[in-house]
Amino acid sequence: MTEEFLENTIKVQRAKMNLTQEKLAELVGVTRKTINTIENGKFIPSTMLAIKLARIFRVPVEELFILK
């Protein structure tokens, strides 16, 4: 059985909206380090945070986070 992992497109979405990690963190109520660790795949966000991020980027959660 192959191991599944979660990829994300947060960095790409941030670039499209010209947002820094710090500004995105402020918008969703977390620290810049939290955004950084999510982007780098070291931390999987809660469902609530994933939905907040998707709303900021105006994309479905499944477009922001991809199960591989």
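Basis of the calculations
Residues numbered from 1 in each chain as written. Predicted model: local features only at pLDDT ≥ 70, side-chain atom pairs only at ≥ 80, totals over all residues. Heavy atoms only, no water. Helix = DSSP H or I, 4+ residues; strand = E, 2+ residues; numbered from the N terminus. Patch = residues over 30% accessible without salt bridge, like charges linked within 9 Å, V, L, I, M, F, W, Y side chains within 5 Å. Areas by Shrake-Rupley, 256 points an atom, 1.4 Å probe, with all protein chains shown as cover. Salt bridge = Lys/Arg side-chain N within 4 Å of Asp/Glu carboxyl O. Buried < 20%, exposed > 50% of the residue type's maximum accessible area, 1.4 Å probe, protein only. UniProt positions renumbered as here; feature names shortened; annotations may be inferred.

In the Ramachandran plot, N18 falls in the positive-phi region, its phi being about 55 degrees despite a non-glycine side chain. Tracing the backbone through its elements, the reader meets N18 in the loop between α1 (10-16) and α2 (21-28). In this structure, R58 is a non-glycine residue whose phi angle is positive, near 55 degrees. As for its placement among the helices and strands, R58 is situated in the loop between α4 (47-57) and α5 (61-64).

On to a nonpolar patch on the surface, then. Among the surface-exposed residues, L6, I44 and L67 lie close enough to one another that they form a single nonpolar patch of about 280 Å² accessible area. Note that I44 resides in the loop between α3 (32-39) and α4. Residue class for I44 comes out exposed when judged on its relative accessible area of 57%.

Before going further, it helps to spend a moment on the side chain of Q13. Secondary-structure assignment places Q13 in helix α1. Look at Q13 and you get buried, because its relative accessible area is 6%.

This next bit is on the UniProt feature "domain: HTH cro/C1-type" (unreviewed entry) in the protein chain. Under the local residue numbering, the UniProt record ascribes the feature "domain: HTH cro/C1-type" (unreviewed entry) to residues 10-64. Taken end to end, residues 10-64 is 69% helix and 0% strand, and its first and last C-alpha atoms sit 6 Å apart.

Side chains bearing opposite charge may pair, as long as their charged atoms lie close to each other. Tallied over the entire structure, the rule returns three salt bridges. We note a salt bridge from R14 to E39, for which the minimum N-O separation is 2.4 Å. With R14 in helix α1 and E39 in helix α3, this residue pair connects regions lying 25 residues apart in the sequence. There is no split in this pair, since R14 and E39 are both buried.

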